[in-house]
Amino acid sequence: MEFEKKILCIGAGYVGGPTMAMIAAKCPRYKVTVVDINPARIAAWNSDSLPIYEPGLDVLVQKTRGVNLFFSTAVEAGIRDADIIFVSVNTPTKTFGQGAGKAADLQFWEKTARQILAYSTADKIVVDKSTLPVRTAEAMERILNNNTKNVHFEVVSNPEFLAEGTAIADLENPDRVLIGSQETPTGLAARKAIVDIYSHWVRRDCILESNVWSAELSKLTANAFLAQRISSISPISALCEKTQADVVEVANAIGRDSRIGGKFLKAGVGFGGSCFKKDILNLVYICQSYGLTEVAEYWESVVKINGWQENRFIRTMLENMFNTVAGKRIALLGFAFKADTGDTRESPALVIARGLLEERAQVVITDPKALDNARQDLHAVKEDLSFEADPYCAAEGAHAVVLLTDWKLYQDLDYQRILRSMEHPAFLFDGRNLLDHKKLFELGFNVFAIGKAPLKHF
Ligand code: UDX
Ligand code: UDX
């Protein structure tokens, strides 16, 4: 079949892979190729065992792979062939030099821009999918159009708002798609080409158009606002624990105010994931570099409170387990940063596991999808650490069971069986307020939840 358009995506990660699978499924007349410098990742995309776990992704890939969706390591050929290139390489927080610990590390992104320039022989639209500091698209445009090849590049910003665990549903039915371009005739034509892709399945009034900088800043701001809600309910959860109020009841009551809304008010061990912290620190760095000190401090506090909440959880455990966990087996139920993903990047479970290991606890980790990543994250740990696929085996002989990821399967465990196999007094810390605390208390557990009065037998 002759394809109408050829789309390339550079970066086969959590964003690039699912997004391109959806575009391929919805636009059968477009050829979609995803390339990556990591051959193992591409091999996994071409196998039955995809490199990331995302509900519904395998079905989508099976339907389209080899038809109009292709995974390859041939970056050069891919670039040459494409009309539209999405850039979805990672932009982690810088770990060195100016802005270390805050600014985005743009080295992969710039290298990709230079590859696009080197291998292109005809005009192309380049779409920034990666989350980038404001005005980065402009920098890309400068790199690309500073050429003597008589090739013109139009750079469009199309930030991705999908959340892991619900990526397929978010892509299929997005609240909005945001497309920012220059407001020149060629910029508007490029914008239309990207609008045309999404119009295959997204309602036209959900496709928002803007200038490039608004699109870039909207992505950072959306993540900052979402994280800010969690960092607003976290301190209230601490206050609830002191005052016998219940944070779930408080969140429900305030969320019923339609001006506040009920989403993203679940108090827990804190937010994780590859985006929130990175994007806020990025925002902080941008504000600092424009001399907006108060603005930077305001947003930085959202990250600080999150770290405080994680550490507060460790302190609660210690205080209630008679101020020592040394030598005690502690089972962590869940290691992913949220349910329905195997991703452990910035997971609060990492901070909590490390904190407990420092206190010389015997930590055992279980998770239905994230054990491989957990092993990699903690490979340098010399202390007493083990991994267990079966939650019942993890809990056996433990002094405490600590729920850290909101996997539904943890609601359905046989807690009576778990209690029987544990040391006594048996402690249960629910870092996600997922379980039926009263029932667990009646079974015999000493139960500590977030933002609720403890239920203790002593
Ligand atoms: C994405 C975005 O790109 C990031 O900016 C946003 O904030 C979060 O989502 P994600 O898909 O989660 O990142 O990243 P990751 O899973 O690490 O995937 C990036 C891929 O790009 C990797 O597979 C990496 O091998 C690839 N890559 C990186 C290249 O192909 N070329 C490079 O030069 C660098
Ligand atoms: C987020 C944004 O939601 C998404 O739009 C953006 O594209 C990428 O960043 P993601 O990090 O995948 O997505 O997941 P999200 O559902 O936002 O959860 C982030 C963290 O916040 C998780 O650790 C989650 O457990 C936590 N969370 C979320 C809470 O603690 N309470 C809540 O009420 C909601």
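The text that follows walks through the structure, step by step, so that each part is easy to find. (Residues numbered from 1 in each chain as written. Chains lettered and ligands numbered in written order. Predicted model: local features only at pLDDT ≥ 70, side-chain atom pairs only at ≥ 80, totals over all residues. Heavy atoms only, no water.)

### Details of the overall build of the chain
Right, so step 1: Summing up its helical and strand segments, the chain has 17 helices and 14 strands in all.
Right, so step 2: Taken over C-alpha atoms, the radius of gyration comes to 24 Å for the chain, in line with the 23 Å a tight globule of 458 residues would show.
Right, so step 3: By its C-alpha atoms, the chain is 80 × 50 × 45 Å across when sized along the principal axes.
Right, so step 4: Looking at the chain as a whole, 53% of its 458 residues are labelled buried.
Right, so step 5: Per element, the accessible surface of the chain, about 20600 Å² overall, is 52% carbon and sulfur. (Helix = DSSP H or I, 4+ residues; strand = E, 2+ residues; numbered from the N terminus. Rg over C-alpha atoms; globule rule 2.2 N^0.38 Å. Buried < 20%, exposed > 50% of the residue type's maximum accessible area, 1.4 Å probe, protein only. Areas by Shrake-Rupley, 256 points an atom, 1.4 Å probe, with all protein chains shown as cover.)

### Observations regarding the site of ligand 1
Right, so step 1: Lining the immediate environment of ligand 1, one finds 21 residues, of which Asp36, Arg41, Val89, Thr91 and Lys278 sit closest.
Right, so step 2: Note that an oxygen atom of ligand 1 is positioned 3.0 Å from one of the side-chain N or O atoms of lysine 111.
Right, so step 3: A per-element tally of the shell around ligand 1 places helix α5 (residues 107–119) first, with three residues.
Right, so step 4: Each residue belonging to the shell around ligand 1 can be placed in one class, and the counts come to seven nonpolar, nine polar and five charged. (Near = heavy atom within 4 Å. Polar contact = N/O pair within 3.5 Å; in protein donor to acceptor, adjacent residues only side chain to side chain. Nonpolar A, V, L, I, M, F, W, Y, C, P; charged D, E, K, R; others polar.)

### Examining the packing of helix α9 (residues 212–243) against helix α10 (residues 247–255)
Right, so step 1: Remark: α9 packs on α10, axes separated minimally by 9 Å, with the N-to-C direction vectors making an angle of 135°. Here α9 lies oblique to α10, going by the angle between them. Here α9 runs over α10; the crossing is right-handed. Of the residues in α10, those touching α9 at Ile233, Ile236, Ser237 and Cys240 are Val247, Val250 and Ala251.
Right, so step 2: Looking at side-chain class alone, the contact of α9 with α10 contains six nonpolar, one polar and no charged residues. (Axes fitted to C-alpha atoms, helices over the stretch in contact; angles between N-to-C directions. Parallel < 35°, antiparallel > 145°, perpendicular 65-115°, else oblique. Left-handed = near helix turned anticlockwise from the far one by under 90°. Contact = heavy atoms within 4.5 Å.)

### Structural notes on helix α1 (residues 16–26)
Right, so step 1: Most of α1 sits inside the fold, with nine of its eleven residues counted as buried.
Right, so step 2: Along α1, the positions that sit buried rather than exposed are Gly16, Gly17, Pro18, Thr19, Met20, Ala21, Met22, Ile23 and Ala24.

### So, the site of ligand 2
Right, so step 1: Near ligand 2 there are 19 residues, and of these Phe161, Glu164, Phe337, Lys338 and Arg432 occur at the shortest range.
Right, so step 2: Phenylalanine 161 has a polar backbone atom sitting 2.6 Å from an oxygen atom of ligand 2.
Right, so step 3: Within the backbone of lysine 266, an N or O atom sits 2.9 Å from an oxygen atom of ligand 2.
Right, so step 4: Relative to its unbound accessible surface of 660 Å², ligand 2 loses 90% to contact with the protein.
Right, so step 5: When residues in the shell around ligand 2 are grouped by element, the largest group, four residues, is from α9.
Right, so step 6: Partitioning the shell around ligand 2 into residue classes produces eleven nonpolar, two polar and six charged.

### A closer look at the packing of α9 against helix α11 (residues 276–289)
Right, so step 1: At their nearest, the axes of α9 and α11 sit 9 Å apart, and the two run at 115° to each other. The handedness of the crossing between α9 and α11 is left-handed. From α9, Leu217, Lys219, Leu220, Asn223, Ala224, Leu226, Ala227 and Ile230 reach across to α11, where they touch Phe276, Asp279, Ile280, Asn282, Leu283 and Ile286.
Right, so step 2: Across the contact of α9 with α11, the residue classes break down as ten nonpolar, two polar and two charged.

### Notes on a nonpolar patch on the surface
Right, so step 1: Residues Tyr290, Leu292 and Val295 make up a contiguous nonpolar surface patch of about 290 Å² in total accessible area.
Right, so step 2: Mapped onto the elements, valine 295 comes out in helix α12 (residues 293–320). (Patch = residues over 30% accessible without salt bridge, like charges linked within 9 Å, V, L, I, M, F, W, Y side chains within 5 Å. Salt bridge = Lys/Arg side-chain N within 4 Å of Asp/Glu carboxyl O.)

### Some details on the sheet that holds strand β11 (residues 385–387)
Right, so step 1: Reading across from one edge, β11-β10-β9-β12-β13-β14 is the order of the six strands in this open sheet, with parallel pairing throughout. In this open sheet, the two edge strands, each paired with only one partner strand, are β11 and β14 (446–449). Neighbour to neighbour, the strand axes of the sheet diverge by 20° on average, direction disregarded.
Right, so step 2: Alignment of strand β10 (residues 362–366) against β11, held across three bridges, turns out to be parallel. Bridge pairing in β11 links valine 363 to leucine 385.
Right, so step 3: On top of the sheet, α12 reaches β9 (329–333), β12 (400–403), β13 (427–430) and β14; it is set at about 165° to β13, its chief contact. (Pairing = 2+ DSSP bridges.)

### Things to note about the pattern of salt bridges
Charged atoms that come close allow side chains of opposite charge to pair.
Right, so step 1: Evaluation of the coordinates by the stated rule reveals 24 salt bridges.
Right, so step 2: Measuring nitrogen to oxygen at the nearest pair gives 3.1 Å for the salt bridge that ties arginine 191 to glutamate 209. In this pair, arginine 191 sits in helix α8 (residues 185–199) while glutamate 209 sits in strand β8 (residues 207–211), placing the two residues 18 residues apart along the sequence.
Right, so step 3: Residue classification places glutamate 209 among the partly exposed residues on the basis of a relative accessible area of 39%.
Right, so step 4: Among the charged side chains, a network of salt bridges with common partners joins Glu183, Arg191, Arg204 and Glu209.

### Comments concerning unusual backbone geometry
Right, so step 1: A cis geometry characterises the amide bond from histidine 424 onward to proline 425, with omega recorded as 0°.
Right, so step 2: For proline 425, the location among the structural elements is in the loop between α16 (415–421) and β13.
Right, so step 3: At glutamine 244, a position not held by glycine, the phi torsion is positive, near 70°.
Right, so step 4: As for its placement among the helices and strands, glutamine 244 is situated in the loop between α9 and α10.
Right, so step 5: For glutamine 244, a relative accessible area of 62% translates into the label exposed.
Right, so step 6: The phi dihedral of arginine 360 falls on the positive side, at around 70°, and the residue is not glycine.
Right, so step 7: For arginine 360, the location among the structural elements is in the loop between α13 (348–358) and β10.

Read these as spatial facts, not as claims about activity.
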